[in-house]
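# Working through the structure, step by step
Each chain is listed here by its residues.
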Amino acid sequence: MTDIQHQAPDDLLMGYATGALPQAFDLVIATHVSLCDDARARLEAFEAVGGAVLEDLDQVDVAEDSLEQTLAKITGGAPAERPIVMPGTFPTPLQSVVGGDEEAVRWRYVGRGVKQCVLHSDENGTARLLKIPAGRSMPEHSHNGTEMTLVLKGAFRDEDGVFARGDIEVADPNVSHTPIAEPGEDCICLVATDARLKFQGLLPRIAQPFLGI
Ligand code: ZN
């Protein structure tokens, strides 16, 4: 069963299935589908269709069958197996990158009580963990590229709604927001970006080169 309100959109799942995403985004999607049965089922459908098309175009008569029938043929109608889940805050794909669960993270303060830990960075994107104290807001910002935020613990709220464990928010250059951690529990997120954020306020802009966000 799944209770995830904000799921990864199909284009990102397809990008993951075809290996087209930057590595930083791969990590977020892999972690998200570990927490979200619906997103994992959609991903497996894309992988099955992609694999079948590559293996034998003749076997899958896409013109005559609906997508559901095609998928049932490919998968034999069997439900997808659940991935192995290690106990803890972080799902397995994230634990393998961090080298453990929450207590293994080497946090660094980036100001306003917010901590971060960069997990991966290359010319195509950066993946980082952010820990925002309960009730605290991040500076208002917009985006030069794509930002994917997956909640692992606690929750945050912004102009788009409330995001809790397993929820993913995808922001692009059209989105400007001020995420605020919900009261009660610190919010830990896994965030992937492919470009630097655009902060609205003067102080965050000045601090940005030092924080590397
Ligand atoms: Zn953002």
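The coordinates are above.
Residues numbered from 1 in each chain as written. Predicted model: local features only at pLDDT ≥ 70, side-chain atom pairs only at ≥ 80, totals over all residues. Heavy atoms only, no water.

## Some remarks on the pairing of strand 7 (residues 161-164)
- Relative to strand 7, strand 6 (residues 155-158) runs antiparallel, the two sharing four bridges. Across the sheet, residue Asp-158 finds its bridge partner in strand 7, namely Gly-161.
- What sits between strand 6 and strand 7 in their antiparallel hairpin is a turn of two residues. (Pairing = 2+ DSSP bridges. Helix = DSSP H or I, 4+ residues; strand = E, 2+ residues; numbered from the N terminus.)

## Quick notes on the pattern of salt bridges
- Taken as a whole and judged by the stated rule, the model has four salt bridges.
- For the salt bridge of Asp-10 with Arg-42, the shortest nitrogen-to-oxygen distance reads 2.5 Å. Taken together, the residues span a long stretch of sequence, with Asp-10 in helix 1 (residues 10-17) and Arg-42 in helix 3 (residues 37-55) at a distance of 32 residues.
- You can call Asp-10 partly exposed: its relative accessible area is 34%.
- Residue class for Arg-42 comes out partly exposed when judged on its relative accessible area of 24%. (Salt bridge = Lys/Arg side-chain N within 4 Å of Asp/Glu carboxyl O. Buried < 20%, exposed > 50% of the residue type's maximum accessible area, 1.4 Å probe, protein only.)

## Overview of the coordination of the zinc ion
- The protein atoms that coordinate the zinc ion are His-141 (NE2), His-143 (NE2), Glu-147 (OE), Glu-147 (OE) and His-177 (NE2), at distances of 2.0 to 2.6 Å.
- Read N to C, the donor residues that coordinate the zinc ion are spaced as H-x1-H-x3-E-x29-H. (Donors = N, O, S within 2.8 Å, 3.2 Å for Na, K, Ca; no water.)

## With respect to the nonpolar core
- Judged by nonpolar contacts, the single largest core of 29 residues is most densely connected at Ile-29, Leu-94, Leu-129 and Leu-190.
- The element contributing the most residues to this core is helix 2 (residues 23-35), with six residues.
- In this structure Leu-190 touches Leu-27, Val-28, Thr-31, Leu-94, Leu-119, Arg-128, Leu-129, Met-148, Thr-149, Leu-150 and Leu-152, once residues within four positions along its chain are discounted.
- Among the nonpolar cores identified, the runner-up in size contains twelve residues, and Leu-130, Ile-132, Ala-181 and Val-191 belong to it. (Core = buried A, V, L, I, M, F, W, Y, C linked by side-chain atoms within 4.5 Å. Contact = heavy atoms within 4.5 Å.)

## Details of the packing of helix 1 against helix 2
- Where helix 1 meets helix 2, the closest approach of the two axes is 10 Å, and the angle between their N-to-C directions is 110°. Overall, the two elements helix 1 and helix 2 adopt an arrangement that is roughly perpendicular. On helix 2, the residues touching Leu-12, Leu-13 and Tyr-16 of helix 1 are Asp-26, Ile-29, Ala-30 and Val-33.
- Among the residues making up the contact of helix 1 with helix 2, the classes are represented as six nonpolar, no polar and one charged. (Axes fitted to C-alpha atoms, helices over the stretch in contact; angles between N-to-C directions. Parallel < 35°, antiparallel > 145°, perpendicular 65-115°, else oblique. Nonpolar A, V, L, I, M, F, W, Y, C, P; charged D, E, K, R; others polar.)

## Focus on the side chain of His-143
- By secondary structure assignment, the location of His-143 is in strand 4 (residues 141-143).
- When its relative accessible area of 1% is taken as the criterion, His-143 is described as buried.
- A polar contact is formed between the side chain of His-143 and the backbone oxygen of Val-175, at a distance of 2.9 Å.
- Separated by 3.2 Å, the side chains of His-143 and His-177 make a polar contact.
- Excluding residues that lie within four positions of it along the chain, His-143 makes contacts with Ala-171, Asp-172, Pro-173, Val-175, His-177, Leu-197 and Lys-198. (Polar contact = N/O pair within 3.5 Å; in protein donor to acceptor, adjacent residues only side chain to side chain.)

## Considerations on the packing of aromatic side chains
- A complete count under the given rule lists one aromatic pair for this structure.
- Aromatic side chains Phe-156 and Phe-163 sit 5.0 Å apart centroid to centroid with 15° between the ring planes, which places their arrangement in the stacked category.
- Accessibility expressed as a relative area gives 3% for Phe-156, which makes it buried.
- Judged by relative accessible area, which is 2%, Phe-163 ranks as buried. (Phe/Tyr/Trp six-rings, centres within 6.5 Å; stacked < 30°, edge-to-face > 60°.)

## Points about helix 2
- Between the first and last C-alpha of helix 2 there are 19 Å, a value that for 13 residues agrees with the 18 Å anticipated at 1.5 Å per step.
- Across the 13 residues of helix 2, ten count as buried, placing the element largely inside the fold.
- Residues of helix 2 that are buried: Ala-24, Phe-25, Leu-27, Val-28, Ile-29, Ala-30, Thr-31, His-32, Val-33 and Ser-34. (Expected span 1.5 Å × (residues − 1).)

## Let's talk about the environment of Ala-134
- Structurally, Ala-134 can be placed in the loop between strand 3 (125-132) and strand 4.
- Those residues in contact with Ala-134, other than ones at most four positions away along the chain, are Ala-181, Glu-182, Pro-183, Gly-184, Glu-185 and Asp-186.

## Section: helix 1
- Every buried residue of helix 1 is accounted for by Leu-12, Leu-13 and Gly-15. Take helix 1 and look down its axis: the buried residues cluster within an arc of 160°, on one side only.
- Once helix 1 finishes, Gly-19 follows within two positions and takes phi at roughly 75°, a positive value. (Arc of directions from axis to C-beta.)

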